[in-house]
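Residue-level structure breakdown
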Amino acid sequence: MTADRSEPQPERFDRYMARCLYGPGGFYATRGTAGRRQGDFITSPEVGPLFGAVVAEAIDGWWEELGRPDPLPIYDVGCGPGTLAKSIAVAKPDRPWHYVGVDVVETPGSMLAELPEDLSGAVVLANELLDNLPFRIVEGGADGLLEVFVVDGREVLSPTELVFDLPIGTRAPVLEAADRWVRQTLAAAPARLCLFDYGAPTTAELADRGGWLRTYRHHQRGRDPLVDPGSADITTDVAWDQLPTPTQPLVRQAEFLRRWGIERLVDEGRQWWTENAAAPDLTALRMRSRISEAEALLEPSGLGDWWVAVW
Ligand SMILES: C[S@@+](CC[C@H](N)C(=O)[O-])C[C@H]1O[C@@H](n2cnc3c(N)ncnc32)[C@H](O)[C@@H]1O
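1. With respect to the overall build of the chain
Regarding its fold elements, the chain presents 10 helices and 16 strands. Sorting the 311 residues of the chain into buried and exposed places 52% on the buried side. Carbon and sulfur atoms provide 51% of the accessible area of the chain, an area that totals close to 15000 Å².

As structure tokens, then:
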């Protein structure tokens, strides 16, 4: 008897996800790098220029530590429309910093982040990149770990070679591509690598709380990722313990922003506004907007709860 060749083969979840996002007709292939900007949801740089202004303070601190190199190359990976670099440049216009935005190569089937092999002396930033890199999914089973595969718009579970200690019935993402990306980037020896993303310090925490697999489309949480492949973004909370250990303590975004002076920048904005409110110009309005931007960026159940990892 011969096998029916037309029978669809199960596809591992990360490969399915890569196809949905980066393959021909995929979410990023059809919407381009500005996909999220069209309104799928707001990232920290898109809240307003304050985020970039605080990141500029952090970079300034590192630049001093490095002996003020001229130029200082700054890579923003997964830069989308490039808003972060623009805000950094506006905040520190006199610095000899050279900005390079990197995003997915828009070739069907490609999901390369093209970075030079040698990043020595450079600062590499990525905001909400890791959550977008294809991940595998495992589930604790009665007879060992199982892995999620996709076939014909439904999932099937199969035994896996992966090793994770998960209670029966709970699931976790396996961040192979993100881990590979961080390792490759660190191997290129940047002076600093600074990653911002949502997630939790440990895989166990994510497995325990669930809800880490999400889809987004038009500002809204989307549907099941298996429905209508390519129509929505697919992301995961990042389990930071699956990546190389940062050389600085992993901190919440709110703590990082406070460390680098967000409150001072807001006070400066408030004072500027008070002094100029009678005849407000664009600068005065921008300064006032720091107050509401900071609220959003520090929100304990929102952006303030994101994590920042620095190597
Ligand atoms: C959530 S958006 C973040 C955009 C921007 N960093 C921001 O904070 O507004 C994720 C970005 O990562 C990009 N991206 C996804 N996979 C990538 C990869 N493998 N290499 C480079 N960029 C990637 C997407 O095209 C998208 O622009």
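Having seen the model, we can carry on.
2. Brief notes about the confidence of the model for the chain
Summarising the model, the chain shows a mean pLDDT of 89, and 89% of its residues fall at 70 or more. Ignoring residues within four places in sequence, the model shows residues 33-39, a span with pLDDT below 50, making 19 contacts including any to other chains. Taken together, the stretch residues 106-111 has pLDDT below 50 and engages in 15 contacts with residues farther than four places along the chain or on a different chain.

3. So, the sheet that holds strand S9 (residues 192-197)
With respect to topology, 6 strands assemble into an open sheet ordered S3-S2-S4-S9-S16-S15, the strand pairing being mixed. If you trace the sheet from one side to the other, it starts and ends with strand S3 (97-102) and strand S15 (251-252), each paired once. In the packing of helix H5 (residues 83-91) onto the sheet, contacts are made with strand S2 (72-77), S3 and strand S4 (123-127), and the angle to S3 comes to roughly 170°. Helix H6 (residues 176-187) contacts S2, S4 and S9 of the sheet and is inclined by roughly 160° relative to S9.

4. Details of the pairing of strand S6 (residues 144-151)
Counting buried residues in S6 gives 6 out of 8 residues, a clear majority hidden from the surface. Looking at chain direction, strand S1 (residues 11-12) and S6 are connected through 2 bridges and run antiparallel. Following the sheet pairing, Arg12 is matched in S6 by Phe149. Across 4 bridges, the pairing between strand S5 (residues 136-141) and S6 is antiparallel. Residue pairing across strands places Gly140 opposite Leu145, the latter belonging to S6. Across 6 bridges, S6 lies against strand S7 (residues 154-159) in antiparallel orientation. Bridge pairing in S7 links Val150 to Glu155. Connecting the antiparallel pair S6 and S7 is a turn made up of 2 residues, with Asp152 showing a positive phi of about 55°.

5. Topic: the environment of Ile234
Examined against the element boundaries, Ile234 turns out to sit in strand S13 (residues 233-236). For the pair Ile234 and Tyr216, spaced 18 residues apart in the sequence, the C-alpha separation amounts to 6.7 Å.

6. Topic: the nonpolar core
Nonpolar side chains tend to gather and get buried jointly when the protein is soluble and globular. Membership of the largest hydrophobic core comes to 43 residues, with the highest contact counts inside it found for Phe13, Leu130, Trp181 and Leu195. Examining the composition of this core, we find that 6 residues originate from one element, helix H1 (residues 13-22), more than from any other. Formed by 35 residues, the second largest nonpolar core is a distinct cluster that contains Trp97, Leu125, Tyr198 and Ile262.

7. Brief notes about the pattern of salt bridges
This model, assessed by the stated rule, comprises 24 salt bridges. Arg264 is the partner of Glu57 in a salt bridge, and the nearest nitrogen-oxygen pair spans 3.7 Å. Taken together, the residues span a long stretch of sequence, with Glu57 in helix H4 (residues 49-65) and Arg264 in helix H9 (residues 262-276) at a distance of 207 residues. Of the residues examined, Glu57 reaches a relative accessible area of 18% and is grouped as buried. Judged by relative accessible area, which is 43%, Arg264 ranks as partly exposed.

8. Quick look at unusual backbone geometry
Cis geometry marks the peptide bond from Asp70 to Pro71; its omega dihedral reads 5°. Within the secondary structure, Pro71 is located in the loop between H4 and S2. Of note in this structure, Arg68 is not a glycine but carries a positive phi near 55°. Following the sequence through the fold, Arg68 ends up in the loop between H4 and S2. Under the relative-accessibility criterion, Arg68 is labelled partly exposed at 47%. Located in the positive-phi region is Glu128, a residue other than glycine, with phi close to 55°. By the element assignment, Glu128 lies in the loop between S4 and S5. Given a relative accessible area of 5%, Glu128 falls into the buried group.

9. A closer look at the packing of H4 against H5
In the contact formed by H4 and H5, the axes pass within 7 Å of each other and the chain directions differ by 65°. As far as their axial angle goes, H5 and H4 are roughly perpendicular. When the axes of H4 and H5 are compared, the crossing they make is right-handed. Residue-level inspection shows Pro49, Phe51, Gly52, Ala53, Val55, Ala56 and Ile59 of H4 in contact with H5, the latter providing Leu84, Ser87, Ile88 and Ala91. Taken together, the residues of the contact of H4 with H5 sort by class into 9 nonpolar, 2 polar and no charged.

Cut-offs applied
Residues numbered from 1 in each chain as written. Predicted model: local features only at pLDDT ≥ 70, side-chain atom pairs only at ≥ 80, totals over all residues. Heavy atoms only, no water. Helix = DSSP H or I, 4+ residues; strand = E, 2+ residues; numbered from the N terminus. Buried < 20%, exposed > 50% of the residue type's maximum accessible area, 1.4 Å probe, protein only. Areas by Shrake-Rupley, 256 points an atom, 1.4 Å probe, with all protein chains shown as cover. pLDDT = per-residue confidence, 0-100. Contact = heavy atoms within 4.5 Å. Pairing = 2+ DSSP bridges. Axes fitted to C-alpha atoms, helices over the stretch in contact; angles between N-to-C directions. Core = buried A, V, L, I, M, F, W, Y, C linked by side-chain atoms within 4.5 Å. Salt bridge = Lys/Arg side-chain N within 4 Å of Asp/Glu carboxyl O. Parallel < 35°, antiparallel > 145°, perpendicular 65-115°, else oblique. Left-handed = near helix turned anticlockwise from the far one by under 90°. Nonpolar A, V, L, I, M, F, W, Y, C, P; charged D, E, K, R; others polar.

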